[in-house]
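Here are the chains, one letter per residue:
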Amino acid sequence: MSNASQPRRRYLVGGVVVIAVAIWILLQAAGVGVPSLEQFWPVFVLLGGLASALDFFAGSRAPGSLGKGVAGIGVAALAFGFTTDRLNWRNFFDWFPAIPLIAGLAFLTTWAADRYQTSSYLILGIVGLGLGVTGYAHHLDWLAKFLPTPAVSWAILLLILGIFLLWKNFRGGGGTASSAE
């Protein structure tokens, strides 16, 4: 990927979001019955995520674009929870595990889009998913049966991570100069 393509992707995502906001404001000013911006602003985060994912599939094949797309879509879904009053700040610990879960999914998506080359994406993805699942385990009875306590869940997650790191070391895959390890 050339350095010149990086700003182009940013301009693509930024352009899509800014044009969507401008159209929304113009429709409101013209008296068209569009929903309130206060409630539906996450649509623009969603559009940014979709534009990033589209950038990946439209030809850039930049793994970060797909990861940012997944993150944008996840953050938009979480934000909609607040704007539609399904989530609130008082119940912070009820919804907070969604943040590392979204990050974990974004890193795992980036790792897969990178053709499984950069193990740091995999590690960050596993840690994010582990934090999210562990955080939600006490809310979901069916999941709590498989993860008896957060301590056991963390121990299992750390064992998997440690085994992966040892495997990576002994197979001689300490990483390439281009990876983010």
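Keep in mind the model is a prediction, meaning the values are calculated, not measured. (Residues numbered from 1 in each chain as written. Predicted model: local features only at pLDDT ≥ 70, side-chain atom pairs only at ≥ 80, totals over all residues. Heavy atoms only, no water.)

Undergrad: Is there a simple way to explain the environment of isoleucine 160 in this structure?
TA: Here isoleucine 160 shows up in helix 9 (residues 150-170). Under the relative-accessibility criterion, isoleucine 160 is labelled partly exposed at 46%. In sequence terms isoleucine 160 and isoleucine 123 are 37 residues apart; their C-alpha atoms lie 10.0 Å from each other. (Helix = DSSP H or I, 4+ residues; strand = E, 2+ residues; numbered from the N terminus. Buried < 20%, exposed > 50% of the residue type's maximum accessible area, 1.4 Å probe, protein only.)

Undergrad: Would you mind going over the packing of helix 6 (residues 98-113) against helix 7 (residues 119-137) with me for this structure?
TA: Two elements in contact, helix 6 and helix 7, have axes whose closest approach is 7 Å; the angle formed by their N-to-C orientations is 155°. One element, helix 6, and the other, helix 7, form an angle in the roughly antiparallel class. Both helix 6 and helix 7 take part in a crossing whose hand is left-handed. For the pair formed by helix 6 and helix 7, the contact residues are Ala98, Pro100, Leu101, Gly104, Leu105, Phe107, Leu108, Thr110 and Trp111 on the first element and Tyr121, Leu122, Leu124, Gly125, Ile126, Gly128, Leu129, Leu131, Gly132, Val133 and Tyr136 on the second. Among the residues forming the contact of helix 6 with helix 7, the class breakdown is 15 nonpolar, 5 polar and no charged. (Axes fitted to C-alpha atoms, helices over the stretch in contact; angles between N-to-C directions. Parallel < 35°, antiparallel > 145°, perpendicular 65-115°, else oblique. Left-handed = near helix turned anticlockwise from the far one by under 90°. Contact = heavy atoms within 4.5 Å. Nonpolar A, V, L, I, M, F, W, Y, C, P; charged D, E, K, R; others polar.)

Undergrad: In this structure, what is going on with the packing of aromatic side chains? I would like to understand it.
TA: Each pair of aromatic rings is reported with the distance of its centres and the angle of its planes. The tally for this structure, following the rule as stated, stands at 10 aromatic pairs. Ring centres of phenylalanine 56 and phenylalanine 57 lie 5.0 Å apart, and the angle between their planes is 85°; this geometry places the pair in the edge-to-face category. Note on phenylalanine 57: relative accessible area 55%, which makes it exposed. Aromatic side chains phenylalanine 92 and tryptophan 95 sit 5.2 Å apart centroid to centroid with 80° between the ring planes, which places their arrangement in the edge-to-face category. Residue phenylalanine 92 and its partner tryptophan 95 are both found in helix 5 (residues 92-95); the two are separated by 3 residues, about one turn of the helix. Put simply, the rings of Phe82, Trp89, Phe92, Trp95 and Phe96 touch in pairs and so form one group of aromatic residues. Over the ring of phenylalanine 56 we find arginine 61, and its NZ or CZ is 5.1 Å from the ring centre. (Phe/Tyr/Trp six-rings, centres within 6.5 Å; stacked < 30°, edge-to-face > 60°. Lys NZ or Arg CZ within 6 Å of the ring centre and 35° of its normal.)

Undergrad: Looking at this structure, I do not really get the confidence of the model for the protein chain. What am I missing?
TA: Should the pLDDT be low somewhere, the predicted coordinates at that spot are not to be read in detail. Summary statistics for the protein chain give a mean pLDDT of 82 and a share of 81% for residues scoring 70 or more. Note that residues 175-181 has pLDDT below 50 and, in this model, 9 contacts with residues that lie over four places away or in other chains. (pLDDT = per-residue confidence, 0-100.)

Undergrad: What is the right way to read unusual backbone geometry from this model?
TA: One non-glycine residue, aspartate 85, lies in the positive phi region at around 60°. With respect to the element layout, aspartate 85 can be found in the loop between helix 4 (63-83) and helix 5. A positive phi is found at arginine 115, a non-glycine position, where the angle reads about 60°. Turning to its location among the elements, arginine 115 is positioned in the loop between helix 6 and helix 7.

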